[in-house]
Amino acid sequence: MKTYNGLFEKIVDEKNIQKAILKASLGKRKKSSVRRTLSHLTEVAHDLSEQLKNGTWRPLDIHQTTQINDGVELKKRYIVCPNFAREQCVHHAIMNICEPLFRKKFYKYSCGSVKGRGGDQAKKYIAKIIRKYPAKTKYVAKLDIKKFFHNVKPSYVFHEIRRTIRDKRVLWLFALILRANKQIIDGVTVKGGIPIGFYTSPIFANILLNALDHYIKEVLGVEFYVRYMDDIVMFSPNKRKLKKACLAIQGYIEARKMKLKPTWQIHRFRSVNFIGYQFKRGGQVRLRDRVFLKSIRLIRRVSRKTKLTIYDCLRVLSYMGRFKAAHTYAAFKLHISPYVNIRELRKRVSRHDKKLNQLEKERKANAIQESGKPATA
């Protein structure tokens with residue numbers, strides 16, 4: 001198995017850290033801490049580079065959390081808010097160099113939080129196999145790991161990282177990040193898992209579960225298998241073989257101190273809910289009932305507003321992407337088109353993006369002038 005060395009110098013390079021700061025600031029440049037960091041970009045990058053080189057960089061010991069109701073099902077989650085300059089920028093700097101190395105080894109249909117992939121790839125793959133191979137997708141199993149991020153053991157993640165990275169100084173950085181998992185939840189300090197809110201956490205999750213992907217495909221021999229973070233869907237023509245694979249996966253997960261949700265089941269495939277869609281025999285793809293109802297309610301609320309914000313426009317267009325990806329044209333014409341003008345929403349978002357790009361160009365030009373360097377086209 002190929003491993004990589006000599007990565008530390010690339011990570012601590014000031015140009016890489018500046019790139020990481022700009023990348024980490026996307027979508028949050030109205031925050032005072034982010035504006036302050038961007039106004040002293042070169043100085044902050046130099047300080048972080050020196051701290052990393054000298055071995056004095058440390059993440060925060062304890063992180064505050066914010067409770068949110070996530071997704072259509074409004075799951076209760078605790079989100080960590082890391083320090084921007086001290087943690088987020090360093091996380092991005094490390095992953096700018098290391099993430100492509102991990103991504104090379106990821107299973108093709110591991111679709112959650114992987115650059116260039118996503119729910120759309122998983123949807124297309126599932127729709128394709130149930131349409132093209134009806135006999136081989138006779139039975140379906142759906143599994144989910146219980147409270148995955150909270151129950152992950154950092155030592156197992158670190159073991160998988162070492163199978164790709166052998167640079168000791170980079171491994172030291174990963175160890176520091178993995179140990180920075182103390183969170184204040186409902187007034188109680190809790191240690192464990194990988195905090196939701198870190199840029200590195202979904203990457204760590206995929207690194208850990210990549211070994212499971214290869215175990216399922218290569219050892220258990222499951223032909224049709226898709227994973228979206230900790231959600232798993234498998235298809236097979238043989239129910240007994242599928243059950244045997246599920247039990248093997250359960251043992252694999254429990255050996256790593258995690259558990260599957262007890263609701264996992266195997267049934268003859270007629271339909272299955274996954275990543276917000278309902279997949280039916282014949283390759284039909286519909287929106288899940290909850291997603292559909294939530295989108296309709298959002299559209300009605302937005303249509304009653306006299307003035308729309310950019311956030312409203314982005315939310316509506318996000319749901320429009322789901323309608324476009326599913327076989328729901330009739331529902332779209334009935335419930336969406338009469339209430340909102342999609343073309344106008346796109347124009348507003350486009351104007352907003354152009355304005356942000358112009359402000360970014362002006363900021364860069366001012367930074368070049370202040371540093372005394374000649375501006376270049």
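Please refer to the structure placed before this passage.
**Comments concerning a positive patch on the surface**
- Judged by side-chain charge, Lys108, Lys128, Arg131 and Lys132 come together as a positively charged surface patch.
- If you trace the backbone, Arg131 turns up in helix α6 (residues 119–132).

**Quick word on the pairing of strand β1 (residues 62–70)**
- By the bridge criterion, three bridges tie β1 to strand β4 (residues 182–185) in an arrangement that is parallel. When the bridges of β4 are listed, Gln64 appears paired with Ile184.
- In the sheet, β1 pairs with strand β2 (residues 75–80) via six bridges, with the strands oriented antiparallel. The residue of β2 that forms the bridge with Thr65 is Val80.

**With respect to unusual backbone geometry**
- Of note in the backbone geometry, Ser113 takes a positive phi value of approximately 55° without being a glycine.
- Mapping Ser113 onto the fold places it in the loop between α5 (84–103) and α6.

**Focus on helix α11 (residues 239–255)**
- Between its first and last C-alpha, α11 extends 24 Å over 17 residues, near the 24 Å set by a 1.5 Å rise per residue.
- Where α11 is concerned, the buried positions are Leu242, Ala245, Cys246, Ile249, Tyr252 and Ile253. All buried residues of α11 fall inside an arc of 120° around its axis, so they share one side. For α11, the exposed residues set more than 90 degrees away from the buried face come down to Arg240 and Lys244.
- Contact partners of the buried residues in α11: β3 (139–144), α10 (201–219), β7 (231–236) and β8 (265–268).
- With its phi angle positive at about 65°, Lys257 sits one or two positions after the end of α11.

**Some remarks on the nonpolar core**
- Formed by 115 residues in total, the largest nonpolar core has its most connected members in Ile161, Ile165, Phe174, Phe204, Met234 and Phe235.
- For this core, the leading source of residues is α5, giving 10 residues.
- Not counting residues up to four positions away in its chain, the partners in contact with Phe174 are Ile94, Met95, Cys98, Phe102, Ile161, Ile165 and Phe204.

**Considering the pattern of salt bridges**
- Scanning the entire structure with this criterion turns up nine salt bridges.
- In this structure, Asp120 and Lys124 form a salt bridge, with 3.4 Å as the shortest nitrogen-oxygen distance. Here Asp120 pairs with Lys124, and both are found in helix α6, just four residues apart, close to one helical turn.
- Asp120 sits in the partly exposed class, given a relative accessible area of 39%.
- Residue class for Lys124 comes out exposed when judged on its relative accessible area of 51%.
- One salt bridge in this structure joins Asp213 and Arg227, with 2.8 Å as the shortest N-O distance. One end of the pair, Asp213, is in helix α10; the other, Arg227, is in strand β6 (residues 224–228), with 14 residues separating them in the sequence.
- Judged by its relative accessible area of 1%, Arg227 falls in the buried class.

**Describing the layout of surface pockets**
- For the second largest pocket, the calculated volume is near 720 Å³.
- Lining the second largest pocket are 19 residues, and of these Gly27, Arg29, Lys30, His352 and Leu356 sit closest to its centre.
- Only α3 (32–39), α13 (310–325) and α15 (342–370) provide two or more residues apiece to the lining of the second largest pocket.
- Partitioning the lining of the second largest pocket into residue classes produces six nonpolar, four polar and nine charged.

**Thoughts on the environment of His267**
- By the secondary structure assignment, His267 is in strand β8.
- As a C-alpha pair, His267 and Ala93 span 174 residues in sequence and 45 Å in three-dimensional space.

**Re the packing of α10 against α11**
- The contact between α10 and α11 brings their axes to 11 Å, and the two run at 155°. Considered as vectors, α10 and α11 are oriented roughly antiparallel to each other. At the point where α10 passes α11, the crossing takes the right-handed sense. Taken together, the residues of α11 that come into contact with α10 (itself represented by Ala211, Leu212, Tyr215 and Ile216) are Ala248, Ile249, Tyr252 and Ile253.

Parameters at a glance
Residues numbered from 1 in each chain as written. Predicted model: local features only at pLDDT ≥ 70, side-chain atom pairs only at ≥ 80, totals over all residues. Heavy atoms only, no water. Patch = residues over 30% accessible without salt bridge, like charges linked within 9 Å, V, L, I, M, F, W, Y side chains within 5 Å. Areas by Shrake-Rupley, 256 points an atom, 1.4 Å probe, with all protein chains shown as cover. Salt bridge = Lys/Arg side-chain N within 4 Å of Asp/Glu carboxyl O. Lys, Arg positive; Asp, Glu negative; His and termini not counted. Charge placed at Lys NZ, Arg CZ, Asp CG, Glu CD. Helix = DSSP H or I, 4+ residues; strand = E, 2+ residues; numbered from the N terminus. Pairing = 2+ DSSP bridges. Expected span 1.5 Å × (residues − 1). Buried < 20%, exposed > 50% of the residue type's maximum accessible area, 1.4 Å probe, protein only. Arc of directions from axis to C-beta. Contact = heavy atoms within 4.5 Å. Core = buried A, V, L, I, M, F, W, Y, C linked by side-chain atoms within 4.5 Å. 1 Å grid on protein atoms, 1.4 Å probe; cavity = no way out; pocket = protein on both sides within 12 Å on 5 of 7 lines; lining within 4 Å. Points joined across faces, edges and corners; volume = space filled by probe spheres on them. Nonpolar A, V, L, I, M, F, W, Y, C, P; charged D, E, K, R; others polar. Axes fitted to C-alpha atoms, helices over the stretch in contact; angles between N-to-C directions. Parallel < 35°, antiparallel > 145°, perpendicular 65-115°, else oblique. Left-handed = near helix turned anticlockwise from the far one by under 90°.

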